Amino acid sequence: MASAPARAKTPMHPLLLCLVGWLVPGLGMVFLGTRYRLRAIAFLVLVHLTFLIGLLLGGGVAPPVVEPGLLGMTAIGFLTFFMQLGAGWPALVSLLGHFAGIAALSGDQAGAYYELGAFYMLVAGTLNYFIVCHSYDLTKKPAFENLADS
Amino acid sequence: MLQYGAIHLFSLVYLTAVVALVIGVQESEDRQPREMRLHVLGCWAKLLGSLVGLGLVVYVIHLLSG
């Protein structure tokens, strides 16, 4: 009779791991074991660097605006905001900067590179969502227990 | 104008490279380092090629539309 695959064993609950990974991009993967540590550091640097370039270009995370009669634009605004928030703490800081009126954190919406900077942030957030989902997947891997210990 | 173009060109190369790196590394989970490098480069080439190709198609349509 075939034995059931080993259950995943992580230092923390997989959903908590996802939350940590979302809040600090790449950090969730650090807790998956030494095998993934180098990759986690690379992802941590990449997501933060991409967000930082967006910020330097004058981009920012701003709450979406509901535009009456323009359903498409409103939907794009909400989707962009949701994807930008994927970058975790940098996105939250930028959003706080928007509410506090700190231009260095929230960007200049009239600036020539605002859209491009916001797009960098969107890519950073999307990548982090991807990394979080992958980390969650890895915790469900049957042989994960052995990998984490190696 | 030159700066505007340069920044957008850099963005095209950088953003496709970052996306290819993250997706490519995770796709080639159990491969050898050399295979992984080739897979990531392949991902990058496909992304960059698709975007440049799409840009060219849009540019040609723009020219044809007068």
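Just above sits the structure.
A short tour of the structure in this document, coming up. (Residues numbered from 1 in each chain as written. Chains lettered and ligands numbered in written order. Predicted model: local features only at pLDDT ≥ 70, side-chain atom pairs only at ≥ 80, totals over all residues. Heavy atoms only, no water.)

1. Points about the overall build of chain A
Part 1 of the argument: Along chain A, the regular secondary structure elements total eight helices and zero strands.
Part 2 of the argument: Listing the helices and strands of chain A from first to last along the sequence gives α-α-α-α-α-α-α-α.
Part 3 of the argument: Taken over 150 residues, chain A has a buried fraction of 43%.
Part 4 of the argument: Residue pairs in contact within chain A that sit at least 24 positions apart in sequence constitute 71% of those at least 6 positions apart.
Part 5 of the argument: As displayed, chain A offers around 8100 Å² of accessible surface, 74% of which is attributable to carbon and sulfur atoms. (Helix = DSSP H or I, 4+ residues; strand = E, 2+ residues; numbered from the N terminus. Buried < 20%, exposed > 50% of the residue type's maximum accessible area, 1.4 Å probe, protein only. Contact = heavy atoms within 4.5 Å. Areas by Shrake-Rupley, 256 points an atom, 1.4 Å probe, with all protein chains shown as cover.)

2. Some details on the packing of aromatic side chains
Part 1 of the argument: As enumerated under the stated definition, the model contains four aromatic pairs over all chains in all.
Part 2 of the argument: Here the aromatic rings of Phe-82 of chain A and Tyr-129 of chain A are separated by 5.2 Å at their centres, their planes lie at 20 degrees, and the arrangement is stacked. Here the residue Phe-82 of chain A occupies a position in helix 4 (residues 71-85), and Tyr-129 of chain A occupies one in helix 7 (residues 114-139), the gap between them amounting to 47 residues.
Part 3 of the argument: Given the relative accessible area of 47%, Phe-82 of chain A is considered partly exposed.
Part 4 of the argument: Note on Tyr-120 of chain A and Tyr-14 of chain B: the rings are 6.0 Å apart at their centroids and 20 degrees apart in plane angle, and the pair reads as stacked. Residue Tyr-120 of chain A is located in helix 7, and its partner Tyr-14 of chain B is located in helix 1 (residues 2-27); the two belong to separate chains.
Part 5 of the argument: The class of Tyr-120 of chain A is buried, set by a relative accessible area of 0%.
Part 6 of the argument: Connected via pairs of aromatic rings, a cluster forms that spans Tyr-120 of chain A together with Phe-10 and Tyr-14 of chain B. (Phe/Tyr/Trp six-rings, centres within 6.5 Å; stacked < 30°, edge-to-face > 60°.)

3. Thoughts on the packing of helix 7 of chain A against helix 1 of chain B
Part 1 of the argument: Running from N to C, helix 7 of chain A and helix 1 of chain B cross one another at 5 degrees; their axes reach a closest spacing of 11 Å. The angle between helix 7 of chain A and helix 1 of chain B places the two elements in the roughly parallel class. Counted together, Leu-116, Phe-119, Tyr-120, Val-123, Leu-127, Phe-130, Ile-131 and His-134 of chain A of helix 7 of chain A and Ile-7, His-8, Phe-10, Ser-11, Tyr-14, Leu-15, Val-18, Val-19, Val-22, Ile-23 and Gln-26 of chain B of helix 1 of chain B form the full contact between these two elements.
Part 2 of the argument: Taken together, the residues that form the contact of helix 7 of chain A with helix 1 of chain B break down as 15 nonpolar, four polar and no charged. (Axes fitted to C-alpha atoms, helices over the stretch in contact; angles between N-to-C directions. Parallel < 35°, antiparallel > 145°, perpendicular 65-115°, else oblique. Nonpolar A, V, L, I, M, F, W, Y, C, P; charged D, E, K, R; others polar.)

4. Remarks on the nonpolar core
A general tendency of soluble globular proteins is for nonpolar side chains to be buried together.
Part 1 of the argument: Within the largest apolar cluster, 36 residues are counted, with the highest numbers of intra-cluster contacts made by Met-29, Phe-51, Leu-57, Val-61, Tyr-120 and Leu-127 of chain A.
Part 2 of the argument: Those elements that provide at least two residues to this core are helix 3 (37-56), helix 4, helix 5 (89-100) and helix 7 of chain A together with helix 1 and helix 2 (33-64) of chain B.
Part 3 of the argument: Here this core takes eight residues from helix 7 of chain A, the largest share from any one element.
Part 4 of the argument: Ignoring anything within four residues of it in the chain, the contact list for Leu-57 of chain A reads Tyr-113, Tyr-114, Leu-116, Gly-117 and Tyr-120 of chain A together with Ile-7 of chain B. (Core = buried A, V, L, I, M, F, W, Y, C linked by side-chain atoms within 4.5 Å.)

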